[in-house]
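Next come the chains, spelled out residue by residue.
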Amino acid sequence: MTAWTLFDIAPSVPWLGAPRYLMAGSDRHKGCLMHSLSPLDRPNSYIGRSVPRPNLARLLQGRGQYVSDMVLPRMVHVAFVRSPYAHARILGIDTASARQRPGVVAVVTGAELLAVCSPWVGVLSHLKGLKSAPQHAIAIDVACWQGEAVAAVLAHTRAEAEDAAEHVAVDYEELEPVTDMRTALDAATPVIHPTLGDNLAFERNLDAGSVDDAFASADAVAEAEFVFGRHTGVTLEPRCVVADWRPGDRRLTVYQGTQAPHMIQDILARHLGLAEQQVRVVCKDVGGSFGIKVHVYADEMATAALSKLLRRPVKYVADRLESFVTDIHARDHRVKGRVAVRNDGTITAFEIDDLTGIGPYSMYPRTSAIEANQVVNLVGGPYATPNYRARARVVFQNKTQMCQYRGVGHPIACSVTEGLVDLAARAIGMDPVEIRRRNLVADDAYPYVSASGMRMEKLSHHAALNKLLAMMDYDALRTEQAALRERGVYRGIGFASFVEITNPSAAFYGVGGARISSQDGVSLRLDASGAVVCQTSVTEQGQGAEAVTAQVVATALGVKLADVRVVSGDTDVTPYGGGTWASRAAGIGGEAAWQAGKQLRLNILAVAASILQTRTEALDIRQGHVVDADTGTERLPLAELARIAYFRPDTLPPGFQAELMAVRHYVPRDYPFAFTNGIQASYLEVDPDTGMVRLLKHWVVEDCGTILNPQLVDEQVRGGVVQGLGAALFEHCRYDDRGQMLNASMADYLVPMAAEMPDIEVGHCVSPTMDGELGAKGAGEAGTAGAAAAVANAVNDALASFGVTIAEIPLTPEVILRALGRA
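Residues numbered from 1 in each chain as written. Predicted model: local features only at pLDDT ≥ 70, side-chain atom pairs only at ≥ 80, totals over all residues. Heavy atoms only, no water.

Concerning the overall build of the protein
For step 1, the next point in the chain: A count of helices and strands for the protein gives 19 helices and 34 strands.
For step 2, the next point in the chain: Rg of the C-alpha trace for the protein: 28 Å, near the compact-globule value of 28 Å for 823 residues, within the 12% margin.
For step 3, the next point in the chain: Reported as C-alpha extents along the three principal axes, the dimensions of the protein are approximately 85 × 75 × 45 Å.
For step 4, the next point in the chain: Relative to its full complement of 823 residues, the protein shows a buried share of 64%.
For step 5, the next point in the chain: In the protein, of all internal contacts separated by at least 6 residues, the share reaching a separation of at least 24 is 79%.
For step 6, the next point in the chain: Accessible surface for the protein amounts to roughly 29800 Å². Of this, 50% is attributable to carbon and sulfur atoms.
For step 7, the next point in the chain: Across the protein, the centroid of the 76 positively charged side chains sits 5 Å from that of the 92 negatively charged ones. (Helix = DSSP H or I, 4+ residues; strand = E, 2+ residues; numbered from the N terminus. Rg over C-alpha atoms; globule rule 2.2 N^0.38 Å. Buried < 20%, exposed > 50% of the residue type's maximum accessible area, 1.4 Å probe, protein only. Contact = heavy atoms within 4.5 Å. Areas by Shrake-Rupley, 256 points an atom, 1.4 Å probe, with all protein chains shown as cover. Lys, Arg positive; Asp, Glu negative; His and termini not counted. Charge placed at Lys NZ, Arg CZ, Asp CG, Glu CD.)

A word on the nonpolar core
Nonpolar side chains tend to gather and get buried jointly when the protein is soluble and globular.
For step 1, the next point in the chain: Formed by 168 residues in total, the largest nonpolar core has its most connected members in Phe495 and Leu811.
For step 2, the next point in the chain: If sequence neighbours within four positions are ignored, Leu811 has contacts with Val693, Ala728, Leu729, Val791, Ala792, Val795, Ile806 and Ile816. (Core = buried A, V, L, I, M, F, W, Y, C linked by side-chain atoms within 4.5 Å.)

Some points on helix α4 (residues 158–165)
For step 1, the next point in the chain: Buried residues of α4: Arg158, Ala161, Ala164 and Ala165, and no others. For α4, the arc enclosing every buried residue in end-on projection is 130°, short of the 170-degree limit, so these residues lie on one face.
For step 2, the next point in the chain: Against the buried residues of α4 lie β4 (76–82), α2 (96–99), β6 (104–109), β8 (149–155), β16 (314–317) and α8 (320–326). (Arc of directions from axis to C-beta.)

Topic: unusual backbone geometry
For step 1, the next point in the chain: With an omega dihedral of -5°, the bond running from Tyr364 to Pro365 counts as a cis peptide bond.
For step 2, the next point in the chain: For Pro365, the position within the fold is in the loop between β19 (347–357) and α9 (370–378).
For step 3, the next point in the chain: Along the chain, Ile809 connects to Pro810 via a cis peptide bond; the corresponding omega equals 5°.
For step 4, the next point in the chain: Locating Pro810 in the fold gives a position in the loop between β34 (808–809) and α19 (813–819).
For step 5, the next point in the chain: The backbone of Arg311 shows a phi angle near 60°, a positive value even though the residue is not glycine.

A few points about the pairing of strand β25 (residues 532–536)
Put simply, side chains in a regular strand alternate between the two faces of the sheet.
For step 1, the next point in the chain: For β25, the tally of buried residues reaches five of five residues, placing the bulk of the element in the interior.
For step 2, the next point in the chain: Across the two faces of β25 the burial is the same, with Val532, Cys534 and Thr536 and Val533 and Gln535 all buried.
For step 3, the next point in the chain: Sheet topology places strand β24 (residues 520–526) next to β25; five bridges connect them, and they run antiparallel. In the strand pairing of β25, Ser523 is matched with Gln535.
For step 4, the next point in the chain: Connecting β24 to the antiparallel partner β25 that follows it, the hairpin turn spans five residues, and Gly530 within it adopts a positive phi of roughly 95°.
For step 5, the next point in the chain: Examined bridge by bridge, β25 and strand β26 (residues 564–568) share five bridges and lie parallel to one another. From the neighbouring strand, Val532 faces β26, where its bridge partner is Val564.
For step 6, the next point in the chain: For the handedness criterion, the β-α-β arrangement of β25, helix α14 (residues 545–557) and β26 is classed as right-handed. (Pairing = 2+ DSSP bridges. Right-handed = clockwise from strand over helix to strand, strands pointing away.)

Points about the sheet that holds strand β20 (residues 387–395)
For step 1, the next point in the chain: Judged by pairing direction, the sheet is mixed, and its six strands sit side by side in the order β10-β20-β19-β18-β11-β34 without closing on themselves. Each having just a single partner strand, β10 (200–208) and β34 make up the two edges of the open sheet.

Overview of the packing of aromatic side chains
A ring pair, where both rings are aromatic, is described by two values, the distance of the centres and the angle of the planes.
For step 1, the next point in the chain: As enumerated under the stated definition, the model contains 14 aromatic pairs in all.
For step 2, the next point in the chain: Their ring planes at 20° and their centres at 6.0 Å tell us that Trp120 and Tyr364 sit as a pair that is stacked. Here Trp120, found in the loop between α3 (110–113) and β7 (142–143), pairs with Tyr364, found in the loop between β19 and α9; they are 244 residues apart in sequence, far enough to count as distant. Like Tyr364, Trp120 is buried.
For step 3, the next point in the chain: A ring pair is formed by Phe508 and Tyr509, whose centres lie 4.8 Å apart and whose planes are at 10°; its orientation type is stacked. Both residues of the pair, Phe508 and Tyr509, belong to the buried class. (Phe/Tyr/Trp six-rings, centres within 6.5 Å; stacked < 30°, edge-to-face > 60°.)

Below is the structure:
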């Protein structure tokens, strides 16, 4: 692969209105300056511009098409009877009274639904040793967490179904729950699934370099146990699905707010005994996902199975109380970490031991071991430290299932790494900026392989650090901090460098046997009016995928942005692809759109050349017109070209066939992932009398390669930061020792609100990936990756004079006061 070095970048919006220059690194081009024929050099390029979202007006007018608004003929609503116990044997279910309630159509148990829907097991073959028990759509013999469905009530309205559900009598035998991950593997602890032998779902061990020697020769060793509070996504729109089995067509249509329609299509077909072509999945507007809606949930599978069983449409919308105990949770980790450092600031080794509890089953099909696996892969990622040892253990417990949520493992790995780096700096009396500067991988050291074996193409840690320090005026902040401390005001500054996995290849899921596509596809068609219809496998989840796709297509073709209509989220019409997850929509879906646009452009120019009797190379397309490539003189509107091709093909040369459609797919091949990087800083104030934290300012410098839409990227970063701040200060799914969630409502579960958020300033460095012509990487999870770590380090910096270090989040007033001995 050719290596390139990027330079001469505009300091504000990269390449906006300026050419992109690349220094070729191959023998053929060595030492020569090339003007790249990049997407940004196209005349009237929309790439690098902040353009409005195509769906903005519709959504602002309240005309969004959400599943919860859907009504179909003969549709019934399902409400689930859910276990009040975290662990209980189901001795019997009496449904007679419920069946007599007004409006009830059916009451179905797990045993009855088993005839329609087969169970599943959430494992991946490349995560060696990962195990899980079969999970049913509705529990049959044992309920394994508070909130697991044990029966379904179907009625004409949701209210009737809920009322009748209260009349389903379930006879339970409460069993001893496993709630503390620290004792889950003890001999005295009950085994949740006896057939598995123990409560260990997965274990991974990594030992790179000479860890013992590094610690033995270190001038200082710092260590801590990091505790992370389990939390969840709290999407604006809860999970919802409408399933419509039509016996006459022998087809199932499922309307669902999902991030991966083709994955859902495959899984529904396999577990409902259907051929894949018998299942259609339609995803319209989605009110937020954050990874919550990329999984297969038992109640959603049950809804589809119930539709097939009853031969009529069935609708399920989770209420907020259900969401707290059924939506996946994430980040319930306890990590023991230590770091070895020399007096000159060189970090010589990292060592971690991660323990995480995932609930009673590994989530299907992406599994619940990925988060811990990511922690192992990413700890120490930004630093040139060759010695690294890690162990991760994933255990079952009787709580809501855990799985991938925005940032998958990144916030854990970043918090551990950056917390240890700050501890190392404190141990040797070095400024936290200086120790980072001395250990971050050099920007000219790439391509680079981390101690955990992660291959990284091109990152910009030092450029990002320098830009961040300039943005925040670091020296002035330190001066202000010292002056305020003299007056009894305790402010802190915290940093967090991070790396982020984006644009995943088949190395993420495909190699493990999961039928989750790592490619995305785009189909383009020039219609008879000269406008363009774009069908893409990427789904719009509110992140702006439609806007970015339209920008890429309009630029590649040379048409106006308003003339591109993007269609997504329908397995009957869109090309096969992975959908939206792991910050892949722009980098993978965008590249597919670019390639399809280039091909359709060639096809259109071939038609134009035949009409105008000239060479294809002499023509170009600009603003919806075929023009002379040299002079820009308009020769033929695309609407006229389409009219001739569709309605008067007899006027074209003999043997010539106009092809005004193009389909292209794209998957990354040179690297398993397109790593991005960045650094965050937090400035805050802690009141030692109350334990309250006041966020004053937050900065992010992020490198996501080519920036396709600056406004969307910045808002994705800011949104991610807010979720990270929620984890740092507010969000926590609290359980008692019986496995009962204690704060499963919006009255008790705290989320960040606008009034509590600081100004978030975002800057960028640009290191394009060469594994594709756009050079775009992902940006959706960068903000989440480092926010909590920056805040935690800032709180510890603020409290440094008290001689305490806190390694627990969320940093609630109770946690802070307890650390200060004032609780």
